[in-house]
There are 2 protein chains.
Amino acid sequence: MKNLIKFFVSLLLLASCTTKSPTLSELPKSETDPLPSWNEGTSKSVIIDFVTKTTTSGNSDFKPEADRIAVFDNDGTLWAEQPMYFQLAYAIDFIKKESENHPEWKKKEPFKSLIEDDIKHVMEGGEKALFEIMMVSHAGMTSDEFQKSVSDWLNSATHPKTGKPYNQMIYQPMVELLEYLRANGYKTFIVSGGGIDFMRVWAENAYAIPPYQVIGSSIKSKYEIVDGMPVITKLPELNFIDDKAGKPVGIYQHIGKRPILAVGNSDGDYEMLKYVTTGEGARLGMFIHHTDSIREFAYDRDSHIGKLLKGLDDAPQNNWLIVDMKSDWNKVFNFK
Amino acid sequence: MKNLIKFFVSLLLLASCTTKSPTLSELPKSETDPLPSWNEGTSKSVIIDFVTKTTTSGNSDFKPEADRIAVFDNDGTLWAEQPMYFQLAYAIDFIKKESENHPEWKKKEPFKSLIEDDIKHVMEGGEKALFEIMMVSHAGMTSDEFQKSVSDWLNSATHPKTGKPYNQMIYQPMVELLEYLRANGYKTFIVSGGGIDFMRVWAENAYAIPPYQVIGSSIKSKYEIVDGMPVITKLPELNFIDDKAGKPVGIYQHIGKRPILAVGNSDGDYEMLKYVTTGEGARLGMFIHHTDSIREFAYDRDSHIGKLLKGLDDAPQNNWLIVDMKSDWNKVFNFK
């Protein structure tokens, strides 16, 4: 059940932003920089070279559009994940709000500690506590009710460090990269340990990635008729953990072919990068390295969230690109 | 375990065709009939009216492109399913071919009867027999090995009635409908009880539907390193049955939003049509009714495969369109 912690942790990292990049495809390529928030340097060159060679007809690394599939982790790769996965922040706020209707929670752990803001004590409850929090905040609702609950939260909650709505905590350079890839015939997918249904609420506005291109961890659901209306009800039962070795499996289940580009930021993405970068032909794997303590957060090897150790050690031998947020990005967020 | 039979039956209905419709989007709409294989009449009018009103800006039934999602059953809806699901034909051929490497099968049921072409006796073995056939023919391989096995079969096997490759047994009017929808900003998905991995081998060539827009029944799989290469291995364990009430769940898991158009041909599609056609705004549900014993097969209420009983009875009250293959289609197949 160690996976449950990963699941919940990954369940806790989502939000949305309505920012959209300018549509590059409308402009001649030579007249615009497709990645303005990326500084000139190795990282930017490697990315542009890869996209150019895989989309240039006649090049030995050319790929037809059907094979131009790129996968992205979400927490720490497309949006921030500190000081806690955003999906956990949602779950905590949900339970606090719902506690008015559940007086029994004031006497029952882990809810008692959670309501009293004693998160340390909640965490001491281990997987069992996290599982109870997850099920109370993600199951027992219809799909529409859950969607509304997440939407309402995004419209009211703010990040503790920046004071901005969570759905503005997305990385502008990554939004540009997604748009640049799509303008070159790539299909972009999210492959996250976070909850698939949580992400789908806001990912289309944030990244222009539609729900059917979002892959994540999930709980089971069932179809039923309620008051004459067919609905999907979310069940308190684990379905799939889309983390570590689960990521290539999630890719196989949802996409059905091996992508050629993968981006992650933690060892939870190691197997995904390995799977994507060892197929035939040109392939690109990269880790976003959190090196900027001023504009974002600096962490890697010893971090509880987003630990990047094996990935850093093995990047050279796998020819993976390490993107240094501090030096490679001239802008991190694009707050309104 | 009754579901296992459904799963296997649905596992048995796939193949491919490289035919592609002319790209309607390149021609002015007024100069071409988007559905030339459909006779003029109610069915064709209902379809064209629905697509027109949902894509005409200012119309009260207008839908933005993000909501234009159409789902199609496969067996009996996009390609034929008689005299047995094509995926079962694949499984039987696979086992016969592999029996050379498995002398023990000659003494072991259900393989003994299968090798001796005594399909009746195989079927008497019930779910257990079908499960064994399915697992031997679909599990224990890597994803690449399975894909090659299905491809090789499609290149050699032929349909018992028409003598054509199975991947030419697709309905030309439905290929035109898929293309017409896509030309109008719709995303087209397959939602089949058949095996997801079997369909993905050939669906892109047959229908221009990419693997990530194919939803179906599945067995579990795992990620592992074999001889230094990361691979996906298919396991002899059921993962999901995408049939009846499983179809709306499969749609929720893979697509993440309620489609507005659904097409099926059997009571296995009943819940999908109900789910799709009871949401807000304009919606269209239709059943393909197999009425043409000469050009195809005629069956519905009492058929073992593709039984359509409740769907026919309830179509009027649900305002579902019944497409009559004999009178609505001037062409069924488009054999080369």
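From a predicted model like this one, the values you see are computed outputs, not experimental measurements. (Residues numbered from 1 in each chain as written. Chains lettered and ligands numbered in written order. Predicted model: local features only at pLDDT ≥ 70, side-chain atom pairs only at ≥ 80, totals over all residues. Heavy atoms only, no water.)

A word on the overall build of chain A
In step 1: Helix and strand counts for chain A stand at 14 helices and eight strands.
In step 2: Rg of the C-alpha trace for chain A: 20 Å, near the compact-globule value of 20 Å for 336 residues, within the 12% margin.
In step 3: In terms of overall dimensions, chain A has a C-alpha envelope of 65 × 50 × 35 Å along the principal axes.
In step 4: By the burial criterion, 59% of the 336 residues in chain A qualify as buried.
In step 5: Sequence separation of 24 or more characterises 70% of the internal contacts of chain A that already satisfy a separation of 6 or more.
In step 6: On chain A, roughly 13500 Å² of surface is accessible, and the fraction owed to carbon and sulfur atoms is 50%.
In step 7: Taking the 38 positively charged and 46 negatively charged side chains of chain A as two groups, their mean positions are separated by 1 Å. (Helix = DSSP H or I, 4+ residues; strand = E, 2+ residues; numbered from the N terminus. Rg over C-alpha atoms; globule rule 2.2 N^0.38 Å. Buried < 20%, exposed > 50% of the residue type's maximum accessible area, 1.4 Å probe, protein only. Contact = heavy atoms within 4.5 Å. Areas by Shrake-Rupley, 256 points an atom, 1.4 Å probe, with all protein chains shown as cover. Lys, Arg positive; Asp, Glu negative; His and termini not counted. Charge placed at Lys NZ, Arg CZ, Asp CG, Glu CD.)

With respect to the confidence of the model for chain A
In step 1: Across chain A, pLDDT averages 91, with 91% of residues at or above 70.
In step 2: Below a pLDDT of 50 lies the segment residues 4–27 of chain A, which in the model reaches 106 contacts outside its immediate sequence neighbourhood of four places, other chains included. (pLDDT = per-residue confidence, 0-100.)

What to know about the interface of chain A and chain B
In step 1: Counting residues at the interface gives 34 residues for chain A, matched by 34 residues for chain B.
In step 2: Interface area for chain A against chain B, summed over the two sides, is near 3100 Å², with a carbon-plus-sulfur share of 59%.
In step 3: Among the residues chain A hides against chain B, the three largest losses belong to Y212, Y223 and Y252 of chain A. Together they make up 26% of the total.
In step 4: The interface formed by chain A and chain B includes two salt bridges.
In step 5: As a salt-bridge pair, K257 of chain A and E204 of chain B come within 3.7 Å of each other at their nearest N and O atoms.
In step 6: Viewed at the interface, chain B and chain A are joined by 12 residue pairs in polar contact (both at pLDDT 80 or more). (Buried area = accessible area lost by both parts, 1.4 Å probe. Salt bridge = Lys/Arg side-chain N within 4 Å of Asp/Glu carboxyl O. Polar contact = N/O pair within 3.5 Å; in protein donor to acceptor, adjacent residues only side chain to side chain.)

Observations regarding the relation of the copies chain A and chain B
In step 1: The two copies are related by a screw operation: chain A maps onto chain B through 180° of rotation and 0.0 Å of translation along the axis, at an RMSD of 0.0 Å. Here the transformation between the copies is reduced to the relation of a two-fold axis. Every residue of chain A has its C-alpha some distance from the rotation axis, and the shortest such distance is that of H254 of chain A, at 3.5 Å.
In step 2: Here 100% of the contact residues of chain A are again contact residues in chain B; the copies associate through an equivalent surface. (Least-squares fit on C-alpha atoms with pLDDT ≥ 70 in both.)

Quick notes on the pattern of salt bridges
In step 1: Inspection of the entire model under this criterion finds 34 salt bridges over all chains.
In step 2: Across the pair E179 of chain A and R182 of chain A runs a salt bridge, and its minimum N-O distance is 3.7 Å. You can see E179 of chain A and its partner R182 of chain A sitting in helix α8 (residues 172–183), three residues apart, about one turn around the helix.
In step 3: Among the residues examined, E179 of chain A registers a relative accessible area of 14% and is labelled buried.
In step 4: Measuring nitrogen to oxygen at the nearest pair gives 3.8 Å for the salt bridge that ties K53 of chain B to D61 of chain B.
In step 5: A residue is classified by how much of its surface remains accessible, and D61 of chain B, at 22% relative accessible area, is partly exposed.

A look at the packing of helix α3 (residues 86–98) of chain B against helix α6 (residues 126–138) of chain B
All names here are of chain B.
In step 1: At a minimum axis distance of 9 Å, the contact between α3 and α6 shows a crossing angle of 75°. In terms of orientation, α3 lies roughly perpendicular with respect to α6. Only I133, V136, S137 and H138 of α6 make contact with α3, whose side of the interface consists of Q87, Y90, A91, F94 and I95.
In step 2: Within the contact of α3 with α6, the residues separate by chemical class into six nonpolar, three polar and no charged. (Axes fitted to C-alpha atoms, helices over the stretch in contact; angles between N-to-C directions. Parallel < 35°, antiparallel > 145°, perpendicular 65-115°, else oblique. Nonpolar A, V, L, I, M, F, W, Y, C, P; charged D, E, K, R; others polar.)

Examining unusual backbone geometry
In step 1: Cis geometry is found at the peptide bond from E109 of chain A to P110 of chain A, where omega equals 5°.
In step 2: Inspection of the secondary structure assignment puts P110 of chain A in the loop between α3 (86–98) and α4 (111–115).
In step 3: Although it is not a glycine, A208 of chain A sits at a positive phi angle of roughly 60°.
In step 4: Its relative accessible area of 30% is what places A208 of chain A among the partly exposed residues.
In step 5: Positive phi, close to 50°, is recorded for K244 of chain B, a residue that is not glycine.
In step 6: Following the sequence through the fold, K244 of chain B ends up in the loop between β4 (229–240) and α11 (246–254).

Describing the domain arrangement of chain A
Residue and element names in this part refer to chain A.
In step 1: Entries for chain A in the domain assignment read domain 1 (36–81 + 163–328) and domain 2 (86–154).
In step 2: Computed over C-alpha atoms only, the centres of domain 1 and domain 2 are separated by 27 Å.
In step 3: Between domain 1 and domain 2, the contact holds 22 residues from the first and 19 residues from the second.
In step 4: When the two sides are added together, the surface that domain 1 and domain 2 hide from each other amounts to roughly 1700 Å², 77% of it contributed by carbon and sulfur.
In step 5: It is Y166, F198 and K234 that lose the most area in domain 1 upon contact with domain 2, and together they represent 39% of the buried surface on that side.
In step 6: If you look at where domain 1 meets domain 2, you find zero salt bridges.
In step 7: When residues of the side of domain 1 that touches domain 2 are assigned to their parent elements, the largest contribution, eight residues, is made by strand β4 (residues 229–240). (Domains from an automatic or database assignment.)

Examining the packing of helix α2 (residues 42–55) of chain A against α8 of chain A
Residue and element names in this part refer to chain A.
In step 1: Here α2 crosses α8 at 15°, and the two axes come no closer than 11 Å. As judged from the angle between their axes, α2 and α8 are roughly parallel. Between α2 and α8 lies a crossing of right-handed hand. Between α2 and α8, the contacting residues are I47, I48, V51 and T52 on the first element and L177, Y180 and L181 on the second.
In step 2: Taken together, the residues that form the contact of α2 with α8 break down as six nonpolar, one polar and no charged. (Left-handed = near helix turned anticlockwise from the far one by under 90°.)

Brief notes about the side chain of D314 of chain A
Residues and elements named next belong to chain A.
In step 1: Here D314 shows up in helix α13 (residues 310–318).
In step 2: Despite being buried, D314 has no salt bridge partner; K310 is the closest side chain of opposite charge, sitting 4.1 Å away.
In step 3: Residues contacting D314, with those up to four places away along its chain left out, are Y270 and W320.

So, the packing of aromatic side chains
The geometry of an aromatic ring pair comes down to the distance between the two centres and the angle between the two planes.
Residue and element names in this part refer to chain A.
In step 1: Applying the stated criterion across every chain yields a total of 38 aromatic pairs over all chains.
In step 2: By way of ring pairs, the aromatic residues W79, F86, Y90, F94, F146, W153, Y166, F198, W202 and Y207 are connected into one cluster.
In step 3: Its guanidinium or amino end placed over the ring of Y270, K310 lies 3.7 Å from that ring's centre, counting from NZ or CZ. (Phe/Tyr/Trp six-rings, centres within 6.5 Å; stacked < 30°, edge-to-face > 60°. Lys NZ or Arg CZ within 6 Å of the ring centre and 35° of its normal.)

Overview of the pairing of strand β6 (residues 284–291) of chain A
Residue and element names in this part refer to chain A.
In step 1: Counted residue by residue, β6 has seven buried out of eight residues, so it is predominantly covered.
In step 2: Two strands pair when backbone bridges link them, and strand β5 (residues 261–264) and β6 are joined in this way by four bridges, in the parallel orientation. Looking at β6, one finds that G264 is bridged to F287.
In step 3: Following the backbone out of β5, through helix α12 (residues 270–277) and into the adjacent parallel β6, one traces a crossover that is right-handed.
In step 4: One ladder, built from four bridges, connects β6 with strand β8 (residues 321–324); its direction is parallel. In the sheet register, M286 faces β8, and the bridge partner there is L321. (Pairing = 2+ DSSP bridges. Right-handed = clockwise from strand over helix to strand, strands pointing away.)

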